[in-house]
Amino acid sequence: MIVLGLTFLALAGFSLVAGWAFFSNSGVSDGLRTLGVIWPYLAGGGAVTAAFAALFMWLAFYSANHGYDDPIDPDGR
């Protein structure tokens, strides 16, 4: 349920940014034509965010699978 909620929030945030970018530039020139200028930046930001998320998930699973997250036995056993 948490994953679905976070996915929904991420998609809603992306939609808000895309809508804001579209409407803020629609008064400058022909609405839909300005969207073509914005999409590379939105796609690039999404790709960088996905790359960082993948890196941090890989680091978390790497440490968990190699025993770095195991509790330390205070008696040394």
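Details of the structure are given in the entry above.
All figures in this text were calculated on a predicted structure; none of them were measured in a lab.

Novice: Got a sec to walk through the overall build of the protein? Specific residues and values, please.
Specialist: Scanning the protein from terminus to terminus reveals two helices and zero strands. About 6500 Å² of surface is accessible on the protein, with carbon and sulfur atoms providing 74% of the total.

Novice: Account for a nonpolar patch on the surface, with residues named and values stated.
Specialist: A surface patch of nonpolar side chains, about 870 Å² in accessible area, is lined by Val48, Phe52, Leu55, Phe56, Trp58, Leu59, Tyr62 and Tyr68. Position of Phe52 relative to the elements: it lies in helix H2 (residues 31–65). Residue classification places Phe52 among the partly exposed positions, given a relative accessible area of 47%.

Novice: Explain the side chain of Ser63 residue by residue, including any values.
Specialist: In this fold, Ser63 is placed in helix H2. Of note is the side chain of Ser63, whose polar atom sits 3.0 Å from the backbone oxygen of Ala60.

Novice: How would you summarise the environment of Phe14 if you had to cite specific residues and measurements?
Specialist: Here Phe14 shows up in helix H1 (residues 2–26). In this view, Phe14 contacts Trp39 and Leu42; residues no more than four positions away in its chain are not counted.

The rules we used
Residues numbered from 1 in each chain as written. Predicted model: local features only at pLDDT ≥ 70, side-chain atom pairs only at ≥ 80, totals over all residues. Heavy atoms only, no water. Helix = DSSP H or I, 4+ residues; strand = E, 2+ residues; numbered from the N terminus. Areas by Shrake-Rupley, 256 points an atom, 1.4 Å probe, with all protein chains shown as cover. Patch = residues over 30% accessible without salt bridge, like charges linked within 9 Å, V, L, I, M, F, W, Y side chains within 5 Å. Salt bridge = Lys/Arg side-chain N within 4 Å of Asp/Glu carboxyl O. Buried < 20%, exposed > 50% of the residue type's maximum accessible area, 1.4 Å probe, protein only. Polar contact = N/O pair within 3.5 Å; in protein donor to acceptor, adjacent residues only side chain to side chain. Contact = heavy atoms within 4.5 Å.

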